[in-house]
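As a plain string of letters, each chain reads:
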Amino acid sequence: MYIGGRWRPARGSGTIEVVNPADEQVIGTVPAGSAEDVDDAVRAARAALPGWAATPPADRAERLAALHDQLVARAEDIARTVTAELGAPLAFSRAVHAGVPAAVCGSYAALAREHAFEERLGSSTVLHEPIGVVGAITPWNYPLHQIVAKVAPALAAGCPVVLKPAEDTPLVARLFAECVEAARIPGGVVNVVTGLGPVAGRALVEHDGVDLVSFTGSTAVGRSVGALAGGAVKRVALELGGKSANVILPGADLGRAVAVGVANVMANSGQTCSAWTRMLVHRDQYDEAVALAVAATAKYVPGERLGPLVSARQRDRVVGYLERGVAEGAKPVAGGPATPAGPGFYVHPTVFAEVTPEMTIAQEEIFGPVLTVLRYEDEDDAVRIANGTVYGLAGAVWAGDDATAVAFARRLDTGQVDINGGRFNPLAPFGGYKQSGVGRELGPHGLAEYLQTKSLQF
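What you see is a predicted model, and the numbers here were worked out from it, not measured in a lab.

Each value, and the rule that gives it
Residues numbered from 1 in each chain as written. Predicted model: local features only at pLDDT ≥ 70, side-chain atom pairs only at ≥ 80, totals over all residues. Heavy atoms only, no water. UniProt positions renumbered as here; feature names shortened; annotations may be inferred. Helix = DSSP H or I, 4+ residues; strand = E, 2+ residues; numbered from the N terminus. Buried < 20%, exposed > 50% of the residue type's maximum accessible area, 1.4 Å probe, protein only. Contact = heavy atoms within 4.5 Å. Core = buried A, V, L, I, M, F, W, Y, C linked by side-chain atoms within 4.5 Å. Pairing = 2+ DSSP bridges. Axes fitted to C-alpha atoms, helices over the stretch in contact; angles between N-to-C directions. Salt bridge = Lys/Arg side-chain N within 4 Å of Asp/Glu carboxyl O. Phe/Tyr/Trp six-rings, centres within 6.5 Å; stacked < 30°, edge-to-face > 60°. Lys NZ or Arg CZ within 6 Å of the ring centre and 35° of its normal.

Q: Looking at this model, I keep getting lost on the UniProt feature "active site" (unreviewed entry) in the chain. Mind explaining?
A: The UniProt feature table records "active site" (unreviewed entry) at E239. Within the secondary structure layout, E239 lies in strand β11 (residues 235-239). A relative accessible area of 3% places E239 in the buried class. Excluding residues that lie within four positions of it along the chain, E239 makes contacts with Q146, F215, T216, G217, C273, L393, F430, S436 and E441.

Q: So what exactly am I meant to see when it comes to the nonpolar core here?
A: Soluble globular proteins tend to pack their nonpolar side chains together in the buried interior. Ranked by size, the top nonpolar core spans 63 residues in total, and within it L64, L67, L71, L155 and F176 carry the most contacts. By residue number, the principal contributor to this core is helix α5 (residues 143-157), which donates 10 residues. Excluding residues within four positions of it along the chain, L64 makes contact with C105, Y108, A109, A112, A152, L155 and A156. One finds A245, V318, I361 and I385 within the second-largest nonpolar core, a separate group that totals 30 residues.

Q: Would you take a moment to explain the sheet that holds strand β20 (residues 451-457) for this structure?
A: Backbone hydrogen bonds are what pair the strands of a sheet, in a parallel or an antiparallel way. Taken together, three strands build an open sheet; the order of strands is β5-β6-β20 and the sheet is antiparallel. Of all strands in the sheet, those bounded by a partner on one side alone are β5 (118-121) and β20. Averaged over all adjacent pairs, the angle separating strand axes in this sheet is 25°, with direction ignored. Two strands pair when backbone bridges link them, and β5 and strand β6 (residues 124-130) are joined in this way by four bridges, in the antiparallel orientation. Paired with L121 across the bridge in β6 is S124.

Q: Explanation requested: the pairing of strand β4 (residues 25-31) in the structure shown.
A: Residues in a regular strand project their side chains so that they alternate between the two faces of the sheet. Pairing between strand β3 (residues 15-20) and β4: six bridges, direction antiparallel. Paired with N20 across the two strands is Q25, which belongs to β4. Two successive antiparallel strands, β3 and β4, enclose a turn made up of four residues, where E24 displays a positive phi of approximately 65°.

Q: Looking at this structure, how should I read the side chain of H145?
A: Positionally, H145 belongs in helix α5. The buried category is assigned to H145, whose relative accessible area is 14%. What H145 contacts, discounting residues up to four positions off in sequence, is V100, P101, V104 and L442.

Q: How should I be thinking about the UniProt feature "domain: Aldehyde dehydrogenase" (unreviewed entry) in the chain in this particular structure?
A: The UniProt feature table records "domain: Aldehyde dehydrogenase" (unreviewed entry) at residues 7-455. Between the C-alpha atoms that bound residues 7-455 the distance is 40 Å, and the span itself is 42% helix and 18% strand.

Q: What am I meant to see in the environment of P31 here?
A: Relative to the helices and strands, P31 resides in strand β4. Along the backbone, P31 and R223 are 192 residues apart, and their C-alpha atoms lie at a distance of 27 Å. Once residues lying within four places of it in the same chain are set aside, the contact partners of P31 are M1, A10, G14, T15, I16, R174, T194 and G195.

Q: Would you mind going over the pattern of salt bridges with me for this structure?
A: The final tally for this structure, using the stated rule, is 22 salt bridges. The partner of K164 in a salt bridge is E167, with the nearest N and O atoms 3.0 Å apart. Put simply, D284 and R283 hold a salt bridge, and the shortest N to O gap is 3.3 Å. Assessed through its relative accessible area of 43%, R283 is described here as partly exposed. Residues joined in a network through salt bridges with shared partners are R8, R11, D37 and D40.

Q: Sorry if this is basic, but what is going on with the sheet that holds strand β15 (residues 350-353) here?
A: One open sheet accounts for seven strands, arranged β14-β15-β16-β13-β12-β17-β18; its pairing is mixed. Each end of this open sheet is capped by a strand with a single partner; those strands are β14 (331-334) and β18 (418-419). Alignment of β14 against β15, held across three bridges, turns out to be antiparallel. Following the sheet pairing, K331 is matched in β15 by A353. Relative to the sheet, helix α10 (residues 286-297) contacts β13 (278-282), β14, β15 and β16 (370-376), its axis offset from that of β16 by approximately 170°. The strands that helix α11 (residues 312-327) touches are β14, β15 and β16; relative to β15, the one it contacts most, it runs at about 25°.

Q: Just checking my understanding: could you explain the packing of aromatic side chains for this structure?
A: Applying the stated rule across the entire model yields two aromatic pairs. On the basis of an interplanar angle of 50° and a centroid distance of 5.1 Å, the ring pair of Y2 and W7 is categorised as tilted. Its relative accessible area of 34% is what places W7 among the partly exposed residues. Centroid distance W140 to F367: 5.6 Å. Interplanar angle 80°. Geometry classified as edge-to-face. One end of the pair, W140, is in the loop between β7 (134-137) and α5; the other, F367, is in the loop between α12 (360-363) and β16, with 227 residues separating them in the sequence. Since its relative accessible area comes to 15%, W140 is described here as buried. Residue classification places F367 among the buried positions, given a relative accessible area of 14%. Of note, R305 hangs over the ring of Y300, and the distance from its end group to the ring centre comes to 4.3 Å. The ring of Y286 carries the charged tip of R375 above its face, separated from the ring centre by 3.9 Å.

Okay, here's the thing in structure tokens:
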């Protein structure tokens, strides 16, 4: 455990085995932290709170810049570690799993310098102060990105953090702690406790010394986190599930829209909450779009361009959805429920045609390389289908011109929409409507989650 600025043994004797999902071999172990370990970490964070909150933002920015430099210096170690414990292809790990977190950390170093922590409103001075100790619980699918997306804004705001990383991918969290140490971030400002969700995660959510819980994961677990934190009137930030729509309007470049849409779904083996897993196509272009999707999907060969799923549990979950899709009448035009031979938690990249909006595979988050293609009659029908799930995290709209796409995007109940292939922006707020969560991550809106306001009247 990394607690109070030093490495120390866990209080308990339990361990968690880390398995390489590509060959099913154990590649390491980490301590299974207890409630006592969490208590030690929270106490260390509370002890560090007064000093870190009082540290000038420019000095906090300097430490974040140093952390950014460490993440860049350790990028190859990070990429290879994520590939080993998550199974992502190495090129993807280098570009995304190592590259994006460094960029996000750098953005918060800049925001810490630029943000107005005080403002004048009429006769009042409004102070934006750190909310306190943050309990951060992160998922396995983008293990370092989700760590940095919580820890970096918390540090910029002046909040110490206790991090509980996912048990499937904890090794990169240890690397992150080493980067924190090398960046000379004061002891107790960042603490890392590995462990199981029902033990260490629950203890962190319930701890009286935690002022805000930031959780990324499934909607089901998010509900529990929200309920537990709500009992103590504790602020929560929840980034949860998605079932995002990729809407292709008549007049769009169909070939590009389908190719980019398939790539979006297959990235990270489909283990992306914001993946555009529902492709909505006008009925007149439906058959052509399905054929294009099948051709694009053929490029994602398991074990080469497509990595395994993170665990046997996740593989079996995805296969169960594939079987249910077939049972409900959807047509697998690529892939299907059968799994590739050999070791590793692989599934075939799958495209379902003849999908209707009420089918399970069009309503529930599968979290695998599975694309459903739905037809719509007109724009009103497309809006109805796109908004017709409990989720509202992300999406895309393609049209012959940006103005048409933007007008359609304004009708979508979702937190982020890419217009005609818009690029990722680390400063844009990320988060969802409806059951996709509460709050926002990234950029100035992400920083605001870790601040509370005080007004002084003169």
